[in-house]
Amino acid sequence: MWNVSYDVIMQTSIGVRYGTMSVTVDNSKINGILDILKKANPFHGNINEKGACQIKGELTTLMRTIPYDAVGRITKETLVLRLNGERENFEITGTASAPFPAEEKEQTT
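Parameters at a glance
- Numbering of residues starts from 1 in every chain and runs along the sequence as written.
- pLDDT decides what is reported in this predicted model: residues at 70 or higher carry local features, side-chain atom pairs at 80 or more are listed and counted, and totals for whole chains, interfaces and linings draw on all residues regardless.
- Heavy atoms from the whole structure form the basis of all side-chain values; hydrogens and water molecules are not counted.
- Here the rule is simple: two strands pair whenever DSSP picks up at least two bridges between them.
- Numbering of helices and strands starts at the N terminus; helices are DSSP runs of H or I of at least 4 residues and strands are runs of E of at least 2.
- What we call a nonpolar core is a set of buried Ala, Val, Leu, Ile, Met, Phe, Trp, Tyr and Cys residues that are connected through their side-chain atoms within 4.5 Å.
- For each residue, the accessible area found with a 1.4 Å probe, counting protein chains only, is set against the maximum for its type, and the residue is called buried under 20%, exposed over 50%, and partly exposed in between.
- It only takes one pair of heavy atoms within 4.5 Å for two residues to be counted as in contact.
- By the criterion applied in these results, polar contacts are pairs of N or O atoms within 3.5 Å in which, for protein atoms, one can donate a hydrogen and the other can accept it, and in which residues neighboring in sequence qualify only through two side-chain atoms.
- Salt bridge, as used here: a side-chain nitrogen of Lys or Arg that lies within 4 Å of a carboxyl oxygen of Asp or Glu.

## Section: the pairing of strand β5 (residues 52-60)
Stage number 1. In this structure, strand β4 (residues 39-47) lies alongside β5, joined through five bridges in antiparallel fashion. If you follow G45 over to β5, its bridge partner there is I55.
Stage number 2. Turn length for the β4-β5 hairpin, with the two strands adjacent in sequence and antiparallel, is four residues, and the turn residue G51 shows positive phi of about 100°.
Stage number 3. Bridging between β5 and strand β6 (residues 65-74) involves nine bridges; their strand directions are antiparallel. If you follow I55 over to β6, its bridge partner there is A70.
Stage number 4. Linkage of β5 to β6, two consecutive antiparallel strands, is achieved through a turn of four residues.

As structure tokens, then:
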């Protein structure tokens with residue numbers, strides 16, 4: 001089992017939107033929270049050992065809620081997902097968030 005938080009970018013017809021995605025993988029099951037468009041929504045699905053996944057969830061906008069099915073690849077370092085909604089498709093990419101600020105290494109001479 002592993003848990004990773006990602007900083008994500010979603011491509012929309014009206015521009016780029018930024019958010020976060022928290023992912024928990026337990027064997028072949030995946031679930032988590034997609035926090036984008038000022039709303040946090042849960043998702044769930046399946047994932048294989050190579051990171052290929054299928055998930056279901058909803059995006060909540062100011063105007064409506066969009067159910068989606070997504071396919072893509074999620075690893076401990078990155079994610080790429082294609083969300084297929086009722087009328088729109090969105091692409092989400094992301095990289096793992098730093099768990100804490102990186103410490104500067106002491107220089108050696």
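Once the structure has been displayed, the description carries forward.
## Concerning the environment of R87
Stage number 1. Relative to the helices and strands, R87 is located in the loop between β7 (78-84) and β8 (89-96).
Stage number 2. Between the alpha carbons of R87 and V25 there is a distance of 29 Å; along the sequence they are 62 residues apart.

## Overview of the nonpolar core
Stage number 1. Grouped together as the largest cluster of nonpolar side chains are 25 residues, with contacts concentrated most on M21, L34, L59, I74 and L81.
Stage number 2. The set of elements that each furnish at least two residues to this core consists of β1 (2-12), β2 (15-26), β3 (29-36), β4, β5, β6, β7 and β8.
Stage number 3. For this core, the element with the highest residue contribution is β1, accounting for five residues.
Stage number 4. Not counting residues up to four positions away in its chain, the partners in contact with L59 are M10, L34, I36, N41, R64, T65, I66, Y68, L83 and F90.

## Details of the side chain of N41
Stage number 1. Position of N41 relative to the elements: it lies in strand β4.
Stage number 2. A polar atom in the side chain of N41 sits 3.2 Å from the backbone oxygen of E58.
Stage number 3. A polar contact is formed between the side chain of N41 and the side chain of T60, at a distance of 3.2 Å.

## As for the pattern of salt bridges
Should their charged atoms come close, side chains of opposite charge can pair.
Stage number 1. The tally for this structure, following the rule as stated, stands at three salt bridges.
Stage number 2. Here E86 makes a salt bridge to R64, at a shortest N to O gap of 3.6 Å. Highlighted residues: E86 in the loop between β7 and β8 and R64 in the loop between β5 and β6, separated in sequence by 22 residues.
Stage number 3. Taking relative accessible area as the criterion, E86 reaches 56% and is therefore assigned exposed.
Stage number 4. Where E88 meets R64, a salt bridge forms, and the shortest distance between an N and an O atom there is 2.1 Å. Placement of E88 in the loop between β7 and β8 and of R64 in the loop between β5 and β6 is noted, with a sequence separation of 24 residues between them.

Coordinates in, geometry out; function isn't part of it.
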